[in-house]
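Coordinate analysis (summary)
Now for the letters of each chain:
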Amino acid sequence: MLPLIIFISCNQDNKEKTHSKIIERIDHQDSNDVKETFFNLVYKGYKKEGKYFLAGCSKFFGELEKEIKLNDSFYGTPDRHSSIQYTVVNLNSDSIRFKFENNLGHHSFGDSKTSIRTGFFSIKCHNEKDIIGKLTIEGMTVNKETARRHIEEGKFYILFKPENKINFSGTDYEKDDCWKNKFEKFGFENYYITKCMPIDKYYEQLEEYNNTVFNYLSEMKSFEFKDYKEMKRAFDNEVNECRNERRK
């Protein structure tokens, strides 16, 4: 699920009543925060043989390569509170410009108001056919050689792309006592890969890296997990159980 964007306006002049609903309109010329959210959905825009394309990274977007034309519209990943629509308004040789309309309903917060935020942003238009970049970690290609190098440096990562697309890239960000205790037991850290990318195309690279780390840890700690996924689940479950116990 994409992170929610909640906008609050102090301008009371842009409100209109429609039956029992209150529509609050917030207009912006350019918006970098909406552009950042857009890149949770679309990996790259590019031009090929005179046609324009978007490369998707989200399952909701649905396609690795989708041709777009002027005035085409599509939606971002919806949730129970909000929806956002993108419309192509300009196709240039070096950029693609979009208009957005972001609707946020306040019903779950006990309010009949709906906020509608509109604006524009542009993304770079690449002139290249190869739409797949390189999957890297710390500047190195993700493969078994990099995993071995990290092991030699005392770094033990299990790489994955979380479903909730948190706005964070790198190793575990919440390192409380529960995490520290389980890290001592298991010996690895989760490494979040959250940059928008067609991750399925890199699946073999992730497997190669993670299997190398898993095999080393299994031998060193005499683990009996069948694979790195089972090991990761056990680590996450034990950390969460410890945290839940401490909340009681």
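Calculation criteria
- Residues numbered from 1 in each chain as written.
- Predicted model: local features only at pLDDT ≥ 70, side-chain atom pairs only at ≥ 80, totals over all residues.
- Heavy atoms only, no water.
- Helix = DSSP H or I, 4+ residues; strand = E, 2+ residues; numbered from the N terminus.
- Contact = heavy atoms within 4.5 Å.
- Areas by Shrake-Rupley, 256 points an atom, 1.4 Å probe, with all protein chains shown as cover.
- Buried < 20%, exposed > 50% of the residue type's maximum accessible area, 1.4 Å probe, protein only.
- Core = buried A, V, L, I, M, F, W, Y, C linked by side-chain atoms within 4.5 Å.
- Disulfide = S-S within 2.5 Å.
- Phe/Tyr/Trp six-rings, centres within 6.5 Å; stacked < 30°, edge-to-face > 60°.
- Lys NZ or Arg CZ within 6 Å of the ring centre and 35° of its normal.
- Axes fitted to C-alpha atoms, helices over the stretch in contact; angles between N-to-C directions.
- Parallel < 35°, antiparallel > 145°, perpendicular 65-115°, else oblique.
- Left-handed = near helix turned anticlockwise from the far one by under 90°.
- Nonpolar A, V, L, I, M, F, W, Y, C, P; charged D, E, K, R; others polar.
- Salt bridge = Lys/Arg side-chain N within 4 Å of Asp/Glu carboxyl O.
- Pairing = 2+ DSSP bridges.

1. Points about the overall build of the protein
Within the protein, the regular secondary structure consists of five helices and 14 strands. Taking as baseline every contact in the protein between residues at least 6 positions apart, the subset at least 24 positions apart corresponds to 58%. Working note: accessible area of the protein is about 14400 Å², and carbon and sulfur atoms make up 45% of it.

2. Some thoughts on the side chain of threonine 87
As for its position among the elements, threonine 87 is in strand S7 (residues 82–91). You can call threonine 87 buried: its relative accessible area is 19%. Apart from residues lying up to four places away in sequence, threonine 87 is in contact with Asn71, Asp72, Ser73, Arg97, Phe98 and Lys99.

3. Notes on the nonpolar core
Core analysis: the biggest nonpolar cluster contains 31 residues, and Leu159, Phe188, Tyr209, Val213 and Met231 have the highest contact counts within it. When contributions to this core are tallied by element, the ones reaching two or more residues are strand S3 (42–48), strand S4 (51–56), helix H2 (144–152), strand S12 (157–160), helix H3 (177–186), helix H4 (203–221) and helix H5 (228–247). In this structure methionine 231 touches Ile158, Phe186, Phe188, Phe214, Leu217, Phe223 and Phe225, once residues within four positions along its chain are discounted. One finds Leu41, Leu54, Phe61 and Phe121 within the second-largest nonpolar core, a separate group that totals 18 residues.

4. Comments concerning the state of the cysteines
Summed over the entire model, instances satisfying the criterion amount to one disulfide. Two residues, cysteine 178 and cysteine 242, share a disulfide whose sulfurs are 2.0 Å apart. Disulfide cysteine 178-cysteine 242: torsion about the S-S bond near -70 degrees, hence left-handed. Of the two residues, cysteine 178 sits in helix H3 while cysteine 242 sits in helix H5, which places them 64 residues apart along the sequence.

5. Points about the packing of aromatic side chains
In the structure shown here, the tally under the stated rule is 22 aromatic pairs. Judged by centre distance (4.9 Å) and plane angle (45 degrees), the rings of phenylalanine 38 and phenylalanine 98 are tilted. On the criterion of sequence distance, the pair formed by phenylalanine 38 in helix H1 (residues 32–38) and phenylalanine 98 in strand S8 (residues 95–105) is long-range, its members being 60 residues apart. Overall, the relative accessible area of 0% leaves phenylalanine 38 in the buried class. The interplanar angle of 85 degrees and the centroid separation of 5.5 Å between the aromatic rings of phenylalanine 186 and phenylalanine 235 together place this pair among those described as edge-to-face. Of this pair, phenylalanine 186 sits in helix H3 while phenylalanine 235 is found in helix H5, placing the two residues 49 residues apart along the sequence. Taking the relative accessible area as the measure of exposure, phenylalanine 186 reaches 1% and is therefore buried. Put simply, the rings of Phe38, Phe39, Phe74, Tyr86, Phe98, Phe100 and Phe121 touch in pairs and so form one group of aromatic residues. Over the aromatic face of phenylalanine 53 sits the side chain of lysine 48, whose NZ or CZ is 5.1 Å from the ring centroid. The ring of phenylalanine 160 carries the charged tip of lysine 232 above its face, separated from the ring centre by 4.0 Å.

6. Quick notes on the packing of H2 against H4
Between two packed helices, what matters for the description is the angle formed by their axes and the separation of those axes. H4 packs onto H2 with a crossing angle of 40 degrees between their chain directions and a minimal axis gap of 7 Å. Taken together, the axes of H2 and H4 are oblique relative to one another. For the pair H2 and H4, the sense of crossing is right-handed. Contact with H2, carried on its side by Lys144, Glu145, Thr146, Ala147, Arg148, His150 and Ile151, involves Glu208, Tyr209, Thr212, Val213 and Tyr216 of H4 and no other residues of that element. Class assignment of the residues belonging to the contact of H2 with H4 gives a composition of five nonpolar, three polar and four charged.

7. Structural notes on the pattern of salt bridges
Under the defined criterion, the tally for this structure stands at eleven salt bridges. Residue aspartate 236 is joined to lysine 232 by a salt bridge in which the shortest nitrogen-to-oxygen separation is 2.6 Å. Placement of the pair is aspartate 236 and lysine 232 together in helix H5, with a separation of four residues, close to one helical turn. Overlapping salt bridges bring together Glu138, Arg149, Glu153 and Lys155 as one network.

8. Digging into the pairing of S3
Within S3, six of the seven residues are buried, leaving the element largely enclosed by the surrounding structure. Counting the residues in the hairpin turn of S3 and S4 gives two residues, including glutamate 49, whose phi is positive at 55 degrees. The pairing of S3 with strand S9 (residues 113–126) spans two bridges and is classified as parallel. By the bridge assignment, tyrosine 46 is partnered in S9 with histidine 126.

None of the figures reported here should be taken as evidence of function without further support.
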